[in-house]
Amino acid sequence: FPKLSAEEQRSIALGAEQIQCDKGFEVVKAGKTSTAIYFVLEGELEVLVAGDTPTGFRHAGKLPVGHTVGEISMVSSARATATVLASQPSNLIKISLDAAEPAILSRPDLVDFIHHLKRIFLERRELMELLAQNIDAIMEVYNREENGDERRPPTLP
């Protein structure tokens, strides 16, 4: 991100909220858009993605003190690809889009930078969806071959 002035940082900090959360607190939910950035001050967050498990999720990583979550979804308006939970009692700083927006909108370079990021994220999402379609088509061909089905395979998108 382009550097923020001390006044812009102060403006954003004044709109920040401190959150004390218990183990299991849901910070970000997969499939939803985040309207805030969360900074881990104390504790730790767990990242869960869709998986073939009894719960429907698999562990994808941890976010210890100093890490952030929600910024990509907030900036790009994209749905989160993971659910993030507090893995232990944690202390977070939440900066909502409402708190950050005045500082962002006062800076044309930040607006341009965010629009550029949003375009990149949207292109990436489109590529990931195309890749998923191709993987489904490839698996269908593989499964047909495994089952001895000699039908003509589908064409890839």
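Caption draft 1: Highlighting the sheet that holds strand E3 (residues 36–42). Taken in spatial order, the four strands of this open sheet run E1-E8-E3-E6, and their pairing is antiparallel. Edge positions in the sheet fall to strand E1 (17–21) and strand E6 (68–69), since each of these pairs with one other strand and no more. Pairing of E3 with E6 involves two bridges; the strand directions are antiparallel. Within the sheet, the bridge partner assigned to Tyr38 lies in E6 and is Val69.

Caption draft 2: View of the sheet that holds strand E5 (residues 57–63). Judged by pairing direction, the sheet is antiparallel, and its four strands sit side by side in the order E2-E7-E4-E5 without closing on themselves. Bordering the open sheet on either side are strand E2 (26–28) and E5, each of which pairs with just one other strand. Across the sheet, the axes of successive neighbouring strands diverge by a mean angle of 35 degrees, strand direction being ignored. Strand direction decides the pairing type here: E2 and strand E7 (residues 83–86), joined by two bridges, are antiparallel.

Caption draft 3: Representation of the nonpolar core. The biggest cluster of nonpolar side chains holds 17 residues, and the ones touching the most others in it are Val27, Tyr38, Leu45, Val69, Val84 and Leu92. Counting only elements with at least two residues in this core, the list comes to E1, E2, E3, strand E4 (45–50) and E7. Once residues lying within four places of it in the same chain are set aside, the contact partners of Leu45 are Val27, Val40, Gly61, Lys62, Leu63, Val69, Val84, Leu85, Ala86, Ser87, Ser90 and Leu92.

Caption draft 4: Looking closely at a nonpolar patch on the surface. A surface patch of nonpolar side chains, about 370 Å² in accessible area, is lined by Leu131, Ile135, Met139 and Tyr142. Inspection of the secondary structure assignment puts Met139 in helix H4 (residues 108–146). Here Met139 falls in the partly exposed class, since its relative accessible area comes to 40%.

Rules behind the numbers
- Residues numbered from 1 in each chain as written.
- Predicted model: local features only at pLDDT ≥ 70, side-chain atom pairs only at ≥ 80, totals over all residues.
- Heavy atoms only, no water.
- Pairing = 2+ DSSP bridges.
- Helix = DSSP H or I, 4+ residues; strand = E, 2+ residues; numbered from the N terminus.
- Axes fitted to C-alpha atoms, helices over the stretch in contact; angles between N-to-C directions.
- Core = buried A, V, L, I, M, F, W, Y, C linked by side-chain atoms within 4.5 Å.
- Buried < 20%, exposed > 50% of the residue type's maximum accessible area, 1.4 Å probe, protein only.
- Contact = heavy atoms within 4.5 Å.
- Patch = residues over 30% accessible without salt bridge, like charges linked within 9 Å, V, L, I, M, F, W, Y side chains within 5 Å.
- Areas by Shrake-Rupley, 256 points an atom, 1.4 Å probe, with all protein chains shown as cover.
- Salt bridge = Lys/Arg side-chain N within 4 Å of Asp/Glu carboxyl O.

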